[in-house]
Amino acid sequence: MPHPFLSDDWIAEAHIIRAEYRGKTTSIPHSVRMNLVVTEMPFGDEALAAHMDTTSGDLELDKGHLDDADLQIEVDYVTARAILVEGNPQAGMQAFMAGKVRVQGDMSKLMLLQTMPPDNAARELAERLRDITG
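Reference entry: report on the structure contained in this document.

Let's shift gears to helix H1 (residues 8-21). When the terminal C-alpha atoms of H1 are compared, their 20 Å separation across 14 residues agrees well with the 20 Å that a helix rising 1.5 Å per residue should span. For H1, the set of buried residues is Trp10, Ile11, Ala14, Ile17, Arg18 and Tyr21. All buried residues of H1 project into a common sector of 125 degrees when viewed along the axis, lining one side. In this fold, the buried residues of H1 make contact with strand E3 (60-63) and helix H5 (120-131).

Written out as structure tokens, the structure is:
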């Protein structure tokens, strides 16, 4: 059943799907700890605080911020959905050039992640996440 992107139900389903793929995707060789602030949420009055951590070799995503993040990205909901669900890096670049994406901290860590080609299991995982998004 589809859920709004980044809703509590969507996040719960995403955790289940990610657990199924743990250890099946290519290990991420770059250690990146990134906080994410998603603004203009279509539900709720506040921005969503989330984080991404690759220090284990897997891509770990969850709500809340890390204390010692390498960088922080602030992005609007529509752009976050285009990048993270639709897999549209062009949307991210356009939003960055338009000033809709703000980066604080070590931007070189972000650039490292863009050099990683997704493997087949990662593509399949991304499709499953798209399927649960309403």
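Once you've had a look at it, read on.
Moving on to the sheet that holds strand E5 (residues 102-105). The strand order across the open sheet built from 5 strands is E3-E2-E1-E4-E5, with neighbouring strands paired in mixed fashion. Looking along the sheet, the strands with just one partner apiece sit at the ends: E3 and E5. Shown here is a sheet whose adjacent strand axes are inclined to one another by a mean of 20 degrees, direction ignored. In the sheet, strand E1 (residues 33-39) pairs with strand E2 (residues 48-53) via 6 bridges, with the strands oriented antiparallel. Within the sheet, the bridge partner assigned to Val38 lies in E2 and is Leu48. Together, E1 and strand E4 (71-76) form the strand contacts of helix H2 (residues 77-84), whose direction differs from that of E4 by roughly 110 degrees.

This next bit is on the side chain of His51. Of note, His51 is situated in strand E2. At 2.8 Å, the side chain of His51 forms a polar contact with the backbone oxygen of Gly64. Look past the residues within four positions of His51 in its chain and what remains in contact with it is Met34, Asn35, Leu36, Glu60, Leu61, Asp62, Lys63, Gly64, His65 and Leu66.

The next subject is the pattern of salt bridges. A complete count under the given rule lists 8 salt bridges for this structure. As a salt-bridge pair, Arg22 and Asp58 come within 4.0 Å of each other at their nearest N and O atoms. Of this pair, Arg22 sits in the loop between H1 and E1 while Asp58 sits in the loop between E2 and E3, and the two are 36 residues apart along the sequence. Where Asp68 meets Arg33, a salt bridge forms, and the shortest distance between an N and an O atom there is 2.6 Å.

Turning to the nonpolar core, a few remarks are in order. Nonpolar side chains in soluble globular proteins tend to end up buried together. Trp10, Val38 and Ile73 are the most contacted members of the largest nonpolar core, which has 30 residues in total. Looking at this core, the elements that each hand over two or more residues are H1, E1, E2, E4, H2, helix H4 (107-114) and H5. Take this core: its biggest share by element is 5 residues, from H1. Once residues lying within four places of it in the same chain are set aside, the contact partners of Val38 are Leu6, Ala47, Leu48, Val75, Asp76, Tyr77 and Ala80.

Turning our eyes to something else, we now look at the packing of H2 against helix H3 (residues 89-97). Two numbers describe how H2 lies on H3: the axes approach to 7 Å, and their chain directions differ by 145 degrees. Handedness of the H2/H3 crossing: left-handed. Along the contact surface, H2 presents Thr79, Ala82 and Ile83, while H3 presents Ala91, Gly92 and Ala95. Classifying every residue of the contact of H2 with H3 by side-chain character gives 4 nonpolar, 2 polar and no charged.

The rules behind the values
Residues numbered from 1 in each chain as written. Predicted model: local features only at pLDDT ≥ 70, side-chain atom pairs only at ≥ 80, totals over all residues. Heavy atoms only, no water. Helix = DSSP H or I, 4+ residues; strand = E, 2+ residues; numbered from the N terminus. Expected span 1.5 Å × (residues − 1). Buried < 20%, exposed > 50% of the residue type's maximum accessible area, 1.4 Å probe, protein only. Arc of directions from axis to C-beta. Contact = heavy atoms within 4.5 Å. Pairing = 2+ DSSP bridges. Axes fitted to C-alpha atoms, helices over the stretch in contact; angles between N-to-C directions. Polar contact = N/O pair within 3.5 Å; in protein donor to acceptor, adjacent residues only side chain to side chain. Salt bridge = Lys/Arg side-chain N within 4 Å of Asp/Glu carboxyl O. Core = buried A, V, L, I, M, F, W, Y, C linked by side-chain atoms within 4.5 Å. Left-handed = near helix turned anticlockwise from the far one by under 90°. Nonpolar A, V, L, I, M, F, W, Y, C, P; charged D, E, K, R; others polar.

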